[in-house]
Number of protein chains: 2
Amino acid sequence: MKAVLIQNGSVRFAETEDPALGDEQLLVKVAGAGLNAADLMQAAGNYPPPPGIREDIPGLEFSGTVIAQGTSVPRNLVGKRVMGVLGGAAQAELVAVHHSSAIVIPEGLDLVEAGGVPEAYITAYDALFIQAGLSIGERVLVRGASGGVGSAAVAMAVLAGAETLGTSRTEEGRAYIEGLGAKAIDPDEVLGNGPFDVVLELIGGMQFHSCLSELRSRGRIVVIGVGQGSRVELDLRLLMMKRAIVRASTLRPRSQGEKGEIARQFSERMVPHLASGALKPNLQRAYPAADAPGAYADFASISKQGKLVLAF
Amino acid sequence: MKAVLIQNGSVRFAETEDPALGDEQLLVKVAGAGLNAADLMQAAGNYPPPPGIREDIPGLEFSGTVIAQGTSVPRNLVGKRVMGVLGGAAQAELVAVHHSSAIVIPEGLDLVEAGGVPEAYITAYDALFIQAGLSIGERVLVRGASGGVGSAAVAMAVLAGAETLGTSRTEEGRAYIEGLGAKAIDPDEVLGNGPFDVVLELIGGMQFHSCLSELRSRGRIVVIGVGQGSRVELDLRLLMMKRAIVRASTLRPRSQGEKGEIARQFSERMVPHLASGALKPNLQRAYPAADAPGAYADFASISKQGKLVLAF
């Protein structure tokens, strides 16, 4: 097969060996595979995949068609259109994935566009609903709202009946956020735009104290990205007075059991909204897989409004 | 009645007016009232009580005998021995307290000693079991373990089947912690004594990063005291990698409904252990209420091994 390959820090699209198919796995002919910040970190050598996963093929999500399955897979999925999150090596013509991670793609969803759905939507779903416990009528701020995860979070928060604000540094980004049904603000305008019940932190850096200041009593800050700075000052007394929670996570190192459970919950609760059109794949641009170097360069430089996806 | 009165930052025991009895309240002839750090802060003008509570009488907990009750109290409690937490004004010969905050004291528990039980035990119970979700077999570190809340936390964590460590700066403090069934360490020895599933932070200050470093994946840090420093550096990336939670709270500003619910849960789950002797009032010393100035001076200066209680 051909795959996106990392070699000495650069990215190319080239021939490599096919993946082996495990007993509990599906072999998927990939149609689309979204780009994520973790791919760029992995290409730079800063974010190795979990043990047992090829280090030289990036990619955390895929869409495609099942062409074979292992002997222990409990239901027949051959021929089905599926999407999912995996620990790495998704940006390839073929992926082998545990059957519990495969989410059946509803009719009407474009197969390539679906390749940009799972990582962003599942990450945002887990952060907003499982970790922060976001509820109808609450006020939520998404810090870094125009990218893949951010725009998925905004769309789901709006759908859940939360009063939703999102930050973007650019005018196009803010227009995109408003198009999703939220109020858009500049990242420096956090102070004065609270109070918030939930802050979803995707960028990190200097506004952390402002977010805590603007938090409502019993508010929750969930951190899932820190690209603009990891070390912040935390005022524990203010945290006490607000009875607040700061929590953080990544999806990637979790056990297969836990990933499967999240995929199941996402399938039941969110895929119907993708099927109805209430939630849409937040595709910004699709690139032929052979143009992976260009897609990676764009990811690092352009103003983000949704997902960049490689088409295979 | 006589009460401990704050005047111009100093503490004395003097005559003042009796409390009024509300429809949903009990009037309690106080036997014991424990001292807490909040009382010293309040005496220094730094921790005013919630609205509607006298500012010039400190005290967050009491034990005593019900001598009258309001017309809307749903069960007859007159003559019962009760203890409880309230928003302030507990260090007095009489207190008026919402009936849902009153916990019936089991037989065999000394009435004066019981006056040092509720604030420490309920605060520690809420932090360890409701907020941190401490479970059997987990490893827990109590930072500041020889004081009232700390020693209550250690005793309950041991009883819950957790592997328990506690810090104290003094040798006597560490001996006291070991007597409760835990391992005692110096506060500077956090590094290397992990990993911990739960850290209960009672003192704040510089060891926060060490606590996070020593936290196990999915660990929880619960902050309920910051006397030695409120502003700490938090490494959000490390928090993500550990999938950790930092949360904080105070009991005092909570609604009566919430306080009543915690008292009910504490009555059901912990009072039987106080009745059986598996948990003991952690009394360090009782003082006649007239010696309140001496008790306050001791609270600020001595090596803490449990509770200081005023006897009325």
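Per chain, the residues get numbers from 1 upward, laid out in the order the sequence is written. All chains are assigned letters beginning at A, and all ligands numbers beginning at 1, according to the order in which they are written. The predicted nature of this model means local features are confined to residues of pLDDT at least 70 and side-chain atom pairs, given and counted, to a pLDDT of 80 or more, with totals for whole chains, interfaces and linings taken over all residues. By convention in this description, side-chain values take in all heavy atoms of the structure and omit both hydrogens and water.

(A) Broad picture of the packing of aromatic side chains. When two rings of Phe, Tyr or Trp (its six-membered ring) have centres within 6.5 Å they constitute a pair, described as stacked for plane angles under 30 degrees, edge-to-face for angles over 60, and tilted for the intermediate range. In total, this model carries six aromatic pairs over all chains according to the counting rule given. Each ring, one from Y125(B) and one from F129(B), has its centre 5.5 Å from the other, and the planes form 35°; the classification is tilted. Taken as a pair, Y125(B) and F129(B) lie in helix α2 (residues 118-131) at a separation of four residues, close to a single helical turn. Residue Y125(B) is classed as buried on the basis of its relative accessible area of 3%. Clustering of aromatic rings is evident, with ring pairs tying together Y125(A), F129(A) and F266(A). When the ring centre of F299(A) is taken as origin, the NZ or CZ atom of K304(A), which lies over that ring, is 3.9 Å away. Helix and strand assignments come from DSSP, with helices taken as H or I runs of at least 4 residues and strands as E runs of at least 2, each series counted from the N terminus. Each residue's exposure class comes from its accessible area (1.4 Å probe, protein chains only) as a fraction of the maximum for that residue type: buried when under 20%, exposed when over 50%, partly exposed otherwise. The rule for a charge over a ring is simple: NZ of Lys or CZ of Arg within 6 Å of the ring centre, and within 35 degrees of the ring normal.

(B) Highlighting the sheet that holds strand β11 (residues 196-201) of chain A. Strand order in the open sheet formed by twelve strands is β10(A)-β9(A)-β8(A)-β11(A)-β12(A)-β14(A)-β14(B)-β12(B)-β11(B)-β8(B)-β9(B)-β10(B), and the pairing between neighbours is mixed. Strands at the two margins of the open sheet, each flanked by one partner only, are β10 (183-185) of chain A together with β10 (183-185) of chain B. Strand-to-strand, the axes of this sheet are offset by a mean angle of 15°, without reference to chain direction. At least two bridges found by DSSP between two strands is the condition for calling them paired. The sheet contact formed by strand β11 (residues 196-201) of chain B and strand β12 (residues 215-223) of chain B spans five bridges and is parallel. Bridge pairing links V198(B) to R220(B) in β12(B). Note on geometry: axes are lines fitted to C-alpha atoms, helical ones only across the stretch in contact, with angles between N-to-C directions running from 0 to 180 degrees.

(C) Geometry of the nonpolar core. M83(B), Y121(B), L128(B), L134(B), M156(B), L200(B) and F266(B) are the most contacted members of the largest nonpolar core, which has 46 residues in total. Put simply, the parts of the chain that give this core at least two residues each are β5 (81-85), α2, β8 (139-143), α3 (148-159), β11, α7 (256-269) and α8 (271-276) of chain B. Here the element with the most residues in this core is α2(B); it accounts for eight residues. An automatic or database domain assignment supplies the residue ranges for each domain. Domain assignment of the residues forming this core places at least three in each of domain 1 (2-117 + 282-311) and domain 2 (120-248) of chain B. Here, two residues are considered to be in contact whenever any of their heavy atoms come within 4.5 Å of each other. Beyond its immediate stretch of four places on either side in the chain, L200(B) contacts A127(B), L128(B), L141(B), V142(B), R143(B), A153(B), V222(B) and I224(B). One finds L128(A), A145(A), A155(A) and A157(A) within the second-largest nonpolar core, a separate group that totals 44 residues. Only buried Ala, Val, Leu, Ile, Met, Phe, Trp, Tyr and Cys residues count toward a nonpolar core, and they belong to the same one when joined by side-chain atoms within 4.5 Å.

(D) Representation of the domain arrangement of chain A within the structure. All names here are of chain A. The assigned domain composition of chain A is domain 1 (2-116 + 253-311) and domain 2 (120-248). Just the C-alpha atoms count here: the centres of domain 1 and domain 2 sit 26 Å apart. Listed as interface residues are 20 residues of domain 1 and, on the opposing side, 19 residues of domain 2. Accessible-area loss on putting two parts together, using a 1.4 Å probe and summing over both, is the definition of buried area adopted here. Of the roughly 1,600 Å² buried between domain 1 and domain 2, counting both surfaces, carbon and sulfur atoms make up 65%. Whenever a carboxyl oxygen of Asp or Glu lies within 4 Å of a side-chain nitrogen of Lys or Arg, that contact is scored as a salt bridge. Taken together, the links from domain 1 to domain 2 amount to one salt bridge. Distance and chemistry together define a polar contact, namely a pair of N or O atoms within 3.5 Å, with one atom able to donate a hydrogen and the other to accept it when in protein, and with adjacent residues in sequence counting only for side-chain atoms on both sides. Along the contact surface separating domain 1 from domain 2 lie eight residue pairs in polar contact (both at pLDDT 80 or more). For the side of domain 1 that touches domain 2, the element with the highest residue contribution is helix α7 (residues 256-269), accounting for four residues. Partitioned by chemical class, the residues of the side of domain 1 that touches domain 2 number seven nonpolar, seven polar and six charged. Basically, the charged four are Asp, Glu, Lys and Arg, the nonpolar ten are Ala, Val, Leu, Ile, Met, Phe, Trp, Tyr, Cys and Pro, and anything else, Gly included, counts as polar.

(E) Representation of the interface of chain B and chain A within the structure. Listed as interface residues are 31 residues of chain B and, on the opposing side, 31 residues of chain A. Summed over both sides, the interface of chain B with chain A buries roughly 2,900 Å², with 59% coming from carbon and sulfur. In this structure, the connection of chain B to chain A is made through eight salt bridges. Salt-bridge contacts for D235(A) lead to R231(B); the nearest nitrogen and oxygen are separated by 3.6 Å. If you list the elements that add at least two residues to the side of chain B that touches chain A, you get α5 (208-213), β12, β13 (231-235), α6 (236-242) and β14 (245-248) of chain B. Across the side of chain B that touches chain A, the residue classes tally to 16 nonpolar, six polar and nine charged.

(F) Broad picture of the environment of G150(A). Residue and element names in this part refer to chain A. As for its position among the elements, G150 is in helix α3 (residues 148-159). Judged by relative accessible area, G150 falls into the buried class, the value being 2%. A sequence separation of 18 residues divides G150 from S168, and the C-alpha atoms of the two residues are 9.8 Å apart. Those residues within four positions of G150 in sequence are excluded, and the remaining contacts are V142, G144, A145 and L202.

(G) Main features of the packing of helix α2 (residues 118-131) of chain A against α3(A). All names here are of chain A. Running from N to C, α2 and α3 point in directions that differ by 55°, and their axes come no closer than 8 Å. Between α2 and α3, the interaxial angle falls into the category oblique. In terms of crossing hand, the pair formed by α2 and α3 is right-handed. Residues A120, Y121, T123, A124, Y125, L128 and F129 of α2 form the contact with α3, whose participating residues are G148, V149, A152, A153, A155, M156 and A157. Looking at the contact of α2 with α3 residue by residue, the classes come out as twelve nonpolar, two polar and no charged. Here the word oblique covers every angle except those under 35 degrees (roughly parallel), over 145 (roughly antiparallel) and from 65 to 115 (roughly perpendicular). In this scheme, a crossing is called left-handed if the near helix is turned counterclockwise away from the far one by less than a right angle; it is called right-handed if the turn is clockwise.

(H) Examining α7(B) more closely. To estimate how far a helix should reach, multiply one less than its number of residues by 1.5 Å. The terminal C-alpha atoms of α7(B) lie 20 Å apart, and with 14 residues this matches the ideal 20 Å at 1.5 Å per residue to within 8%. On its buried side, α7(B) packs onto β12 (215-223) of chain A together with β7 (103-104), α2 and α8 of chain B.

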